[in-house]
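In case you want the letters, here they are:
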Amino acid sequence: PEYTRRGVGTRLLNAVEKEAIFQQNKKLKLVSSTTAEPFYQANGYQVVEHSFHTLRSGIQIPCVYMEKTLNETDFSTVY
């Protein structure tokens, strides 16, 4: 809790995106909890679909499929 809202998640996400750009990926896709949806939207991800993830116990929890298109112009400026 003492590290909440200090930018750690954003820095980790930026590192993943930079590596994806370096490897010339054009799009990132993820499955998020609904509570993390605003975080990803604030970082440029778009909702593709709201759905459910089924646990081994059979319990279903809501989730959201999201994606972000990476800019090709960023490929040459990452490293």
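Before reading further, recall that the structure is shown in the block above.
Residues numbered from 1 in each chain as written. Predicted model: local features only at pLDDT ≥ 70, side-chain atom pairs only at ≥ 80, totals over all residues. Heavy atoms only, no water.

## Quick notes on a nonpolar patch on the surface
- A surface patch of nonpolar side chains, amounting to about 330 Å² of accessible area, comprises Tyr3, Val8 and Leu12.
- You can see tyrosine 3 is positioned in the segment before helix 1 (8–22).
- For tyrosine 3, a relative accessible area of 56% gives the class exposed. (Patch = residues over 30% accessible without salt bridge, like charges linked within 9 Å, V, L, I, M, F, W, Y side chains within 5 Å. Areas by Shrake-Rupley, 256 points an atom, 1.4 Å probe, with all protein chains shown as cover. Salt bridge = Lys/Arg side-chain N within 4 Å of Asp/Glu carboxyl O. Helix = DSSP H or I, 4+ residues; strand = E, 2+ residues; numbered from the N terminus. Buried < 20%, exposed > 50% of the residue type's maximum accessible area, 1.4 Å probe, protein only.)

## A look at helix 1
- Compared with an ideal rise of 1.5 Å per residue, which puts 15 residues at 21 Å, helix 1 spans 21 Å between its outermost C-alpha atoms and is within 8% of the ideal.
- Within helix 1 the residues assigned to the buried category are Leu13, Glu17, Ala20 and Ile21. Summarising the axial view, the buried residues of helix 1 lie within an arc of 95°, below the 170-degree limit, and thus occupy one face. Exposed and oriented more than 90 degrees from the buried face of helix 1 are Arg11 and Leu12.
- Next to the buried residues of helix 1 lie strand 1 (27–33), helix 2 (37–42) and strand 3 (60–69). (Expected span 1.5 Å × (residues − 1). Arc of directions from axis to C-beta. Contact = heavy atoms within 4.5 Å.)

## Describing the pattern of salt bridges
- Tallying each qualifying case throughout the model produces 2 salt bridges.
- Where glutamate 17 meets lysine 68, a salt bridge forms, and the shortest distance between an N and an O atom there is 3.2 Å. Of this pair, glutamate 17 sits in helix 1 while lysine 68 sits in strand 3, and the two are 51 residues apart along the sequence. Across this residue pair, the class does not change: glutamate 17 and lysine 68 are buried.
- A salt bridge links glutamate 67 to lysine 27; the nearest nitrogen and oxygen atoms lie 3.5 Å apart. Separated by 40 residues along the polypeptide, glutamate 67 in strand 3 and lysine 27 in strand 1 bring together distant segments of the chain.
- With relative accessibility at 23%, the residue glutamate 67 sits in the partly exposed group.
- The partly exposed category is assigned to lysine 27, whose relative accessible area is 40%.

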